[in-house]
Amino acid sequence: MSDDLRSGYAGGVFCAARPDTAPVQFANKESESPMRLSRFPLSTTKETPADAEIVSHQLMLRAGMIRKLAAGLYTWMPLGLRVLRRVEAIVREEMNRSGAVELLMPAVQPGELWEETGRWDKFGPLLLRFKDRHERNFCYGPTHEEVITDLVRREIRSYKQLPLNLYQIQTKFRDETRPRFGVMRAREFLMKDAYSFHLDHDSLAETYQAMYDTYSRIFERTGLHFRPVQADSGAIGGSVSHEFHVLADSGEDAIVFSDGSDYAANVELAPTLPPAQPRPAAGADMTAVPTPGVHTMDELTACLDVPLECCLKTLLVRGAETPVVALLLRGDHDLNELKAEKHPEVAAPLTMADEAAIRQAAGCGPGSVGPVGLDVPLVADHAATVMADFVCGANRDGEHLTGVNWGRDVGEPQAADLRDADAGDPSPDGKGTLALARGIEVGHIFQLGTTYSEAMDATVLDENGASKPVAMGCYGIGVSRIVAAAIEQNHDANGMIWPEAIAPFTVAVVGINMNKSEKVATAAERIYQALLDAGVDALLDDRDARPGVKFADMELIGIPHRIAIGERGLDQGTVEYRGRRDTDNQDVAVDDVVDHLLARLPQ
RNA sequence: CGGGGUGUAGCUCAGUCUGGUAGAGCACUGCCUUCGGGAGGCAGGGGUCGUAGGUUCAAAUCCUGCCACCCCGACCA
């Protein structure tokens with residue numbers, strides 16, 4: 001392994017010496033290093049493996065970065081590992097700089113700790129459980145709240161030892177129902193998880209902010225486009241929470257952000273505001289129209305030739321007090337399940353009514369349900385309450401109503417925020433308009449409070465000698481996922497395009513026919529060595545392969561810079577430079593090429 | 001977990017419907033030619049056709065069970 005990667009493990013010492021955020025490169029002093037491709041096990045393929053769905057998975061397999069062992073389990077090949085280690089090094093450096101302290105906990109955890117917090121039962125099949133030879137319960141850690149809280153309750157006695165922020169970078173296992181997308185959603189994955197401990201909430205808020213800033217710095221350094229967004233704290237618990245998303249069209253999460261402020265949130269969390277304009281007056285009479293075979297909103301708009309936003313969507317769900325509750329949405333809006341579940345009329349967890357319950361309540365099957373004459377609680381999204389002359393189900397199979405109006409044809413419904421925010425909605429903070437983007441969740445920070453410390457009795461004495469449960473925060477980064485996310489965000493038809501900071505190599509030195517031409521071999525070796533001496537992480541493609549093969553490979557594996565050395569150029573005293581995103585070669589004098597390259601590297 | 005699909009050479013796939021000697025391309029080995037954008041020729045190596053049963057003179061092919069993997073849904077770094 002190269003010196004620069006090893007240096008990442010030097011941790012705090014390294015950080016103290018380098019207070020800036022620049023990627024650091026060290027000269028490679030070994031003359032016979034594995035950075036010669038003839039001795040590096042690169043195995044690329046032209047064909048895309050059949051079971052790879054998304055670009056990052058396909059390219060990682062084609063480039064030989066990873067190999068699958070079983071569902072959701074991957075070997076990191078030497079090339080892939082170089083990238084993983086670079087991401088890891090950035091995370092470690094910035095965590096250390098923030099004042100967090102690294103430790104390493106066991107991956108295997110005793111079940112009894114999980115029973116203390118009740119998560120042995122709550123976590124479900126995601127938790128990989130097994131027994132040791134004494135028939136005692138264990139699990140492979142999907143996260144480490146229990147272990148760290150157990151550690152802290154044994155080690156920390158006094159408020160004087162707080163605040164404390166401990167982190168590790170470690171392999172986790174979550175027995176996902178559906179592992180997919182390669183390393184993006186693997187069962188086994190590399191995660192940085194940090195846990196902070198505080199006497200009071202103010203201290204927690206301070207560290208939380210420090211972690212927010214640290215995460216922003218980490219993702220800036222990786223060179224990826226990202227966005228912190230307000231998030232739901234989900235199963236881990238707690239109140240305040242932010243997710244960090246790498247922006248990519250293939251992202252699994254939808255996020256919204258304002259063009260007029262720094263407001264940004266996961267769509268599942270973003271509130272929508274009641275419309276400012278009042279409901280238009282009724283202008284049409286209510287009329288029943290036949291709609292045979294219509295079951296979906298799209299079929300309805302096609303059948304009656306009306307816009308989606310003039311249709312009312314009626315969803316029946318199990319009620320808290322009543323068998324069913326009707327949730328009413330404008331046809332073009334999507335139900336937000338988190339919001340619906342929190343509504344007092346609605347039973348939690350949110351459960352859609354089954355066909356029998358729908359028939360019982362509405363007298364018809366799903367697809368023809370509407371609020372008119374429906375004797376169940378009506379809860380309408382704000383946007384639905386200002387509709388007029390709308391189309392909805394008639395509660396008779398194969399029939400819909402047009403020209404329906406609130407107050408006149410149906411009682412006024414309760415108004416609530418039930419839908420996903422959409423592009424064009426006003427920002428919830430009143431400043432600007434929301435835009436929509438897709439994101440890949442690569443980081444998540446939480447203020448946990450005392451949930452775990454109370455359950456596990458992790459207390460310290462405060463300045464008055466009183467015993468208090470410690471307040472906790474937890475902070476995760478999906479290290480291996482970042483690698484995949486980087487590819488999703490940065491690739492073209494020829495392959496990956498690594499940001500400098502996490503590229504497996506900075507520059508590829510390609511000798512053209514260097515096994516036949518003494519001249520080319522000499523020049524290539526000299527340039528390669530000069531780059532190493534200048535501290536550049538160079539890769540020498542000294543394979544006995546045709547130029548086309550070498551170029552295609554270097555592009556596939558996404559090396560940011562390429563220097564091609566051939567007899568043709570050498571006769572003129574030049575070599576060729578090409579950036580990974582460039583479309584043309586640039587002739588550079590042999591003696592200038594190292595400086596030429598250095599000028600193109602980030603400081 | 002529910003619904004759908006696929007298992008044949010290291011990879012991508014044909015062959016299965018209609019049972020009868022195991023195939024192609026890429027990759028790999030050797031030789032020759034070629035030599036600045038994934039070269040060409042010749043000669044090779046490599047498969048108990050996922051697995052266990054069943055039907056049959058005969059099974060990659062038909063039937064049954066099991067297993068693995070992939071896709072679509074609800075969860076997560």
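What you see is a predicted model; the values in this text were computed from it and never measured.

A word on the sheet that holds strand E28 (residues 561-565)
Part 1 of the reasoning: Spatially, E27-E26-E28-E29-E30 is the arrangement adopted by the five strands of the open sheet, whose pairing is mixed. Bordering the open sheet on either side are strand E27 (538-541) and strand E30 (586-589), each of which pairs with just one other strand. Strand after strand, the sheet turns through a mean of 25° between neighbouring axes, direction not considered.
Part 2 of the reasoning: Set on the sheet, helix H16 (residues 547-556) makes contact with strand E26 (507-511), E27 and E28; between it and E26 the angle comes to about 175°.

As for the packing of aromatic side chains
Part 1 of the reasoning: Going through the model one piece at a time under the given rule, you end up with eleven aromatic pairs.
Part 2 of the reasoning: Ring geometry for tryptophan 114 versus phenylalanine 123: centroids 5.3 Å apart, planes at 90°, classification edge-to-face.
Part 3 of the reasoning: The exposure class assigned to tryptophan 114 is buried, which follows from its relative accessible area of 0%.
Part 4 of the reasoning: Three or more aromatic residues joined by ring pairs make a cluster, and in this case those are Tyr212, Tyr215, Phe219, Phe226 and Phe244.
Part 5 of the reasoning: Stacked on the ring of tryptophan 120, the Lys or Arg arginine 129 has its end atom at 4.8 Å from the ring centre.

A few points about the sheet that holds strand E19 (residues 414-416)
Part 1 of the reasoning: Reading across the sheet, the four strands line up as E14-E15-E16-E19 and stay open at both edges, with mixed pairing between neighbours. Of all the strands in the sheet, just strand E14 (312-318) and E19 have a single pairing partner and so form its edges. Each adjacent strand pair in this sheet contributes to an overall mean axis angle of 30°, direction not counted.
Part 2 of the reasoning: Where strand E15 (residues 324-330) and strand E16 (residues 378-381) come together, three bridges link them in parallel fashion.

Remarks on the packing of helix H4 (residues 78-97) against helix H14 (residues 479-489)
Part 1 of the reasoning: Viewed as axis vectors pointing N to C, H4 and H14 meet at an angle of 115°, and their least axial separation amounts to 9 Å. The crossing of H4 and H14 is right-handed. Contact residues: H4 offers Val83, Leu84, Val87 and Glu88, while H14 offers Val479, Ser480, Ile482 and Val483.

Remarks on H16
Part 1 of the reasoning: By the burial criterion, the buried members of H16 are Lys550, Asp553, Met554, Glu555 and Leu556.
Part 2 of the reasoning: The elements touched by buried residues of H16 are helix H3 (55-62), strand E25 (495-496), E26, E27 and E28.
Part 3 of the reasoning: With its phi angle positive at about 75°, glycine 558 sits one or two positions after the end of H16.

Some words on the side chain of histidine 245
Part 1 of the reasoning: Tracing the sequence through the fold places histidine 245 in strand E10 (residues 241-247).
Part 2 of the reasoning: Note on histidine 245: relative accessible area 0%, which makes it buried.
Part 3 of the reasoning: Among the polar contacts listed, one links the side chain of histidine 245 to the side chain of glutamate 243, at a separation of 2.7 Å.
Part 4 of the reasoning: Residues contacting histidine 245, with those up to four places away along its chain left out, are His225, Phe226, Arg227, Val229, Asp253, Ile255, Asn266, Gly439, Ile440 and Glu441.

Concerning the pairing of strand E20 (residues 434-449)
Part 1 of the reasoning: Of all 16 residues that make up E20, twelve are buried, and the element is covered over most of its length.
Part 2 of the reasoning: With seven bridges joining them, E10 and E20 adopt antiparallel strand pairing. Within the sheet, the bridge partner assigned to leucine 247 lies in E20 and is glycine 439.
Part 3 of the reasoning: The sheet contact formed by strand E11 (residues 253-258) and E20 spans six bridges and is antiparallel. The residue of E20 that forms the bridge with serine 258 is leucine 434.

Some thoughts on the pattern of salt bridges
Part 1 of the reasoning: For the structure on display, the rule yields 37 salt bridges.
Part 2 of the reasoning: A salt bridge links arginine 85 to glutamate 88; the nearest nitrogen and oxygen atoms lie 2.7 Å apart. One end of the pair, arginine 85, and the other, glutamate 88, are both in helix H4, three residues apart, so they sit about a helical turn from each other.
Part 3 of the reasoning: Residue arginine 85 is classed as partly exposed on the basis of its relative accessible area of 23%.
Part 4 of the reasoning: Taking the relative accessible area as the measure of exposure, glutamate 88 reaches 5% and is therefore buried.
Part 5 of the reasoning: Residue glutamate 555 pairs with arginine 562 through a salt bridge whose shortest N-O separation is 3.1 Å. Across the pair, exposure class does not vary: glutamate 555 and arginine 562 are buried alike.
Part 6 of the reasoning: Residues joined by salt bridges that share partners form a network here, namely Glu93, Glu94, Arg97, Arg217 and Arg221.

Concerning the pairing of E16
Part 1 of the reasoning: With burial as the criterion, each face of E16 is covered, one bearing Leu378 and Ala380 and the other bearing Val379 and Asp381.
Part 2 of the reasoning: Here E16 runs beside E19; their pairing, made up of three bridges, is parallel. The residue bridging valine 379 from the neighbouring strand is glutamine 414, located in E19.

Comments concerning the nonpolar core
Part 1 of the reasoning: If you look at the biggest cluster of nonpolar residues, it comprises 91 residues, and the most contacted ones within it are Met65, Trp498, Leu531 and Ile565.
Part 2 of the reasoning: When residues in this core are grouped by element, the largest group, eight residues, is from helix H15 (residues 518-533).
Part 3 of the reasoning: Discounting chain neighbours no more than four positions away, the residues touching isoleucine 565 are Val509, Val510, Gly511, Ile512, Val520, Ala523, Ala524, Ile527, Leu570 and Val575.
Part 4 of the reasoning: Listed in part, the 25 residues of the second largest apolar core include Cys139, Leu448, Ala458 and Met472.

Thresholds applied
Residues numbered from 1 in each chain as written. Chains lettered and ligands numbered in written order. Predicted model: local features only at pLDDT ≥ 70, side-chain atom pairs only at ≥ 80, totals over all residues. Heavy atoms only, no water. Pairing = 2+ DSSP bridges. Helix = DSSP H or I, 4+ residues; strand = E, 2+ residues; numbered from the N terminus. Axes fitted to C-alpha atoms, helices over the stretch in contact; angles between N-to-C directions. Contact = heavy atoms within 4.5 Å. Phe/Tyr/Trp six-rings, centres within 6.5 Å; stacked < 30°, edge-to-face > 60°. Buried < 20%, exposed > 50% of the residue type's maximum accessible area, 1.4 Å probe, protein only. Lys NZ or Arg CZ within 6 Å of the ring centre and 35° of its normal. Left-handed = near helix turned anticlockwise from the far one by under 90°. Polar contact = N/O pair within 3.5 Å; in protein donor to acceptor, adjacent residues only side chain to side chain. Salt bridge = Lys/Arg side-chain N within 4 Å of Asp/Glu carboxyl O. Core = buried A, V, L, I, M, F, W, Y, C linked by side-chain atoms within 4.5 Å.

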